[in-house]
Amino acid sequence: MSPKGAGRITLAWANRSIRTKGMLVMAIPLAALLTLGSLYFLWQRRADEANDLVAHTLEVHNQIDDVRLIYLEAALGMRGYVAASPEFLVPYREAVDALPSALARLDALIQVDSVRDRLNEAESAGDRLLGVLERMRLSYQPGMPSTDSQRSLLLDSREALALVREKLDATRAEEDRLLAERRASADRAEWLASLTIAISAPFGLLMGLVAVLLFTRGLVRRVRWNEENARKLSEGLPLLASTPARDEIGQMATALEGAAELLAERQATLAESEARYRALIRNFPNGAVALFDHELRFTLMEGKALATIGLSKETFEGKTLREALGDVAPDTVRTAEPLFRAALRGESITSERPFGDRTFLVQYVPVESESGDVIAGMMVALDITDRKRAEEEVRHTQSFLDSIVENIPNMVFVKSVEDLRFVRFNKAGEELLGFARAELIGRNDYDFFPKDEADFFTAKDREVLEGKRLVDIPEEPVDTKSKGTRFLHTKKIPILDEEGKPAYLLGISEDITERKLADEQLRHARDEAERANLAKDEFLSRMSHELRTPLKAVLGFGQILEMDDLTEEQHDSVRQILSGGRHLLGLIDEVLDITRIATGRLPLSPEAVLVAEALNEAADLIQPLAAGRGIRVRVEDANGLHVLADRQRLKQVLLNLLSNGVKYNREGGEVAITWERSPPDKLRIRIADTGVGIPGEGMKRLFAPFDRLGAETGSVEGTGLGLALSKGLVEAMGGAIEAESEPGSGTVFTVELRLAESPLQRYERQRELGQGAEGGKVGARTVLCIEDNLSNLKLIERIFEGRPQVRLLSAMQASLGLELARQHRPDLILLDLHLPDIPGEDVLRRLREDPATRGVPVVMISADATQGQIKRLLAAGADGYVTKPLDVKRFLETVDTVWQRGASGDAKVSSGSEPTTT
Ligand code: ADP
């Protein structure tokens, strides 16, 4: 066997548990013993079996002999019968009778087929013999001489008997052969048993010996090995290597090795943790940690602060407090020693100690063992120099802030949240309320103010604290001790803590008593001034009105005078009178308008105005003036856009700006009217000239009335009212006006107005929505529309397109309208209130005065929807009143109602009837 194989066996043996090994050691000799016993038993049984078989064979022999004898007796009996006497038939018969049972016994004894075969052959031979004998008995007569056949039978019987004998002998021989065979096999078994015993007895003995040897030697040596390793482990030495095995000793060895590894690991961890803990203490920031024993000797001293005070751990470790610091800091030693001792007595003490220029917070604590004995003292020192400095700074800042709060000229107070008692007050507060701080702190409002005042303050405080937000009390009266009632403007602010909950309430109150009085005086003065201004406007308005009447007379008579036959000189004088008068009338009209705007009494009738129309009309009017100075007027096409404006007033503004553009332009210059949309819904009309421009200073006064910016010294005529009026008008129409100018190169005025939907568009839209009214159940009619707004005129034309029976006449001027009315006597007159030549109200009056037109129903059209206006016109003879922008349905309803009334006979408009209005 190879050494490797041997090793494997050894290992396999070693791996067995001690119990298995013990059992094996017991089992081997036991097995040998058992084998011997069994073999002995086997041998015994074999011997017994052989004996039994021999006995059996002998019995078979006997039985065969019995059977042979019976056959012999039968044959002898027969021969005797034949040869001698009939008495011999008795033994014959007895033999024949005994034969079956003898054969049956023999047959029962025979166990082997080969023997039985022989026996069967013998029986067949016996049967033949018995047959021959029976024939002999039958053929022989006692005392009769024997015949040949009888003799032949006798011979046959001899022959048959011989065969029987032979067959029985063969049976016996077969049985003998079997016996010999059995004996041989018994002998072989016996021999094999002896051989097995001979071999196994010494082998068993040998195995027992080997097992005992293995058991004892292997175990003992390995136990010693473990013992040695255990000793090494206890001494911390490296262990001897052992063969690995899984039995108890092997496990013990493995456990020892594990323990050794664990120990090594623990030692490494311990070393690491010690290094860490040392490093930790060494890096103890801003301080130092020390351990000292009962002799006040430092066993450890580490920490960053050592370096900051110019010392090192070597100064301390291994030395007593006195040895370490006796020379450097004797005072420290003196004061620290009792504290070291106290710590060693089990007390914990914290104290603040200076060292050099640093301050330390030092803690002396006992270090106790698990049993509670003080085994050492520990000192932990924390450098708090910076913190102290910061605290000092905070204190300083605090006192700085305090002094600010203290000197704020407003009353500053702080109340606690719980009971709203004052916790702080500044000087201004003391002075205002007339109480010393000591009287105020710890009290609340009810201690100083009447109940209703205190209730108000408290309610406000609660509001601040509950809402967690600043509350501004613009004015609150406060009854003070020495200054009477003062008015305060107070702001109350919640001061929240870190969790956002109110901790205090801060109040800052400004004494506004003086300012309030001043404000009141100011308001009073302003009211006075406004009243005076209104009176002035009123005066101006009246004056202008009063001046207009005589002036118109002057102008009228002047014009009549002009037509007379006058000398050239007289003509010149009259022209002067007329020119001066017209100038004055313009001036008066403008003043009147300005004062009306200022007093809000300027009647305006805003409607959708076609921008292109307004621009073109204004440009046409200015054309002659421009042409006189060789100035080109350029108008950009406004594409059917509409703005919301009073038509006449918009034209007035445009005319004014255009005339300025021409007046203050250079010879041969240009005035350009352009426009742009200003989203979402504005239109900007720009009037740019190439004139002298306006200097920056002048721009500020541009829209001031009567300010001509120095033009009064020049040759250009003017009143200085145009721009002021334009601005007033544009703003009254909801728009805006502004100017930009580049002195020397020109000025741009921009008028911004709201875009409006064109009346026609609006009508179409309403029609699409199914709101338009189509068809009427009246006969052929003529309608006269006196309206200067082209857009409205077109709309009315469009509306009546749906009624082909209606013939529409139109006039854009009142004078033409009156003429047409007289000529055609229409079935209805639609009359605009604002017409360029005669006011609509006058036109109505004239229509009613003229017998030719008196009966014609008139429906007024105006953007002015004020009830007073409507009532006045209905009273003046109008049959209906519709407002712009036209609501087509209601417009037609009004027209139809007016006609129906006419048909039913009560059409005659009288003061008693209630005309339709929309
Ligand atoms: P008026 O033209 O009657 O003097 P306005 O109120 O229209 O009064 O104008 C005031 C002044 O503003 C004018 O006197 C003139 O000095 C100046 N001004 C107005 N429009 C222009 C312009 N387009 N270019 C230069 N200066 C202008």
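Look a little higher up for the structure.
From a predicted model like this one, the values you see are computed outputs, not experimental measurements.

How each quantity is defined
Residues numbered from 1 in each chain as written. Predicted model: local features only at pLDDT ≥ 70, side-chain atom pairs only at ≥ 80, totals over all residues. Heavy atoms only, no water. Helix = DSSP H or I, 4+ residues; strand = E, 2+ residues; numbered from the N terminus. Rg over C-alpha atoms; globule rule 2.2 N^0.38 Å. Buried < 20%, exposed > 50% of the residue type's maximum accessible area, 1.4 Å probe, protein only. Contact = heavy atoms within 4.5 Å. Lys, Arg positive; Asp, Glu negative; His and termini not counted. Charge placed at Lys NZ, Arg CZ, Asp CG, Glu CD. Near = heavy atom within 4 Å. Polar contact = N/O pair within 3.5 Å; in protein donor to acceptor, adjacent residues only side chain to side chain. Nonpolar A, V, L, I, M, F, W, Y, C, P; charged D, E, K, R; others polar. Core = buried A, V, L, I, M, F, W, Y, C linked by side-chain atoms within 4.5 Å. Salt bridge = Lys/Arg side-chain N within 4 Å of Asp/Glu carboxyl O. Phe/Tyr/Trp six-rings, centres within 6.5 Å; stacked < 30°, edge-to-face > 60°. Lys NZ or Arg CZ within 6 Å of the ring centre and 35° of its normal. Pairing = 2+ DSSP bridges. Axes fitted to C-alpha atoms, helices over the stretch in contact; angles between N-to-C directions.

(A) Spatial organisation of the overall build of the protein chain. Counting its regular elements, the protein chain contains 26 helices and 23 strands. For 918 residues, the compact-globule formula gives about 29 Å, and the C-alpha radius of gyration of the protein chain, at 76 Å, lies well above that figure. Here the C-alpha coordinates of the protein chain stretch approximately 235 × 120 × 65 Å along the principal axes. A burial count over the protein chain gives 39% of its 918 residues as buried. In the protein chain, of all internal contacts separated by at least 6 residues, the share reaching a separation of at least 24 is 60%. Each charge class in the protein chain was averaged separately, 119 positive and 144 negative side chains, and the resulting centres sit 2 Å apart.

(B) The site of the ligand, seen in detail. Around the ligand there are 19 residues in total, and Asn660, Tyr664, Asp689, Arg708 and Leu723 lie nearest to it. Contacts to the ligand include Asn660, whose side-chain N or O atom sits 2.8 Å from an oxygen atom. The side chain of Arg708 places a nitrogen or oxygen atom 2.5 Å from an oxygen atom of the ligand. Among the elements of the structure, α18 (647-663), α20 (722-732) and β17 (746-756) are those that each provide at least two residues to the shell around the ligand. Partitioned by chemical class, the residues of the shell around the ligand number eight nonpolar, seven polar and four charged.

(C) Quick look at the nonpolar core. Residues Val611, Leu650, Leu654, Leu657, Leu683 and Leu753 are the most contacted members of the largest nonpolar core, which totals 47 residues. For this core, the leading source of residues is helix α17 (residues 611-628), giving eight residues. If we skip the residues at most four places from it in the chain, Val611 touches Ala638, Leu641, His642, Val643, Leu683 and Ile685. Core analysis: the second largest hydrophobic core is formed by 36 residues, Ile70, Ala102, Leu119 and Tyr140 among them.

(D) Highlighting unusual backbone geometry. For the bond from Pro679 to Pro680, the omega torsion is 5 degrees, close enough to zero to count as cis. You can see Pro680 is positioned in the loop between β14 (670-678) and β15 (682-689). In this structure, Leu296 is a non-glycine residue whose phi angle is positive, near 60 degrees. With respect to the helices, strands and loops of the structure, Leu296 is situated in the loop between β1 (287-292) and β2 (298-302). The backbone of Leu420 sits at a positive phi, close to 55 degrees, despite the residue not being glycine.

(E) Region of interest: the environment of Asp169. Examined against the element boundaries, Asp169 turns out to sit in helix α5 (residues 148-235). Relative accessible area serves as the criterion here: at 33%, Asp169 is assigned to the partly exposed category. Spatially, the C-alpha atoms of Asp169 and Leu195 are 38 Å apart, while their sequence positions differ by 26 residues.

(F) Quick look at the pattern of salt bridges. Counted under the stated rule, the structure contains 74 salt bridges. For the salt bridge of Asp386 with Arg358, the shortest nitrogen-to-oxygen distance reads 3.9 Å. Here Asp386, found in helix α11 (residues 385-407), pairs with Arg358, found in strand β4 (residues 358-368); they are 28 residues apart in sequence, far enough to count as distant. The salt bridge involving Asp788 is made with Arg647; its shortest N-O contact spans 2.9 Å. Taken together, the residues Asp788 in the loop between β18 (781-786) and α22 (790-801) and Arg647 in helix α18 connect sequence positions 141 residues apart. Asp788 gets classed as buried once you look at its relative accessible area, which sits at 3%. By relative accessible area, which is 4% here, Arg647 ends up buried. One salt-bridge network, in which partners are shared between bridges, spans Arg118, Glu174, Arg177 and Glu181.

(G) The packing of aromatic side chains, seen in detail. For the coordinates displayed, the defined rule picks out 14 aromatic pairs. When the ring of Phe449 is compared with that of Phe457, the centres are 5.2 Å apart and the planes differ by 80 degrees; the resulting orientation is edge-to-face. Note on Phe449: relative accessible area 8%, which makes it buried. Between Phe703 and Phe749, the aromatic rings sit 6.5 Å apart at their centres with planes inclined by 85 degrees, giving edge-to-face as the arrangement. Of this pair, Phe703 sits in the loop between α19 (696-701) and α20 while Phe749 sits in strand β17, and the two are 46 residues apart along the sequence. In this structure, Lys727 packs its charged tip against the face of Phe703, placed 5.4 Å from the ring centre.

(H) Here's a closer look at the sheet that holds strand β7 (residues 422-425). The strand order across the open sheet formed by five strands is β7-β6-β10-β9-β8, and the pairing between neighbours is antiparallel. Each edge of the sheet is formed by a strand with only one pairing partner; in this case those strands are β7 and β8 (471-479). The average undirected angle you get between the axes of adjacent strands in this sheet is 30 degrees. As defined by bridge partners, strand β6 (residues 411-416) adjoins strand β10 (residues 502-511) across six bridges and the pair is classed as antiparallel. Along β10, the bridge assignment pairs Phe413 with Gly507. Each of β6, β8, β9 (485-496) and β10 touches helix α14 (residues 451-467); the most contacted strand, β8, lies at about 160 degrees to it. Contacts from helix α15 (residues 513-563) reach β8, β9 and β10, with the element oriented near 125 degrees to β9.

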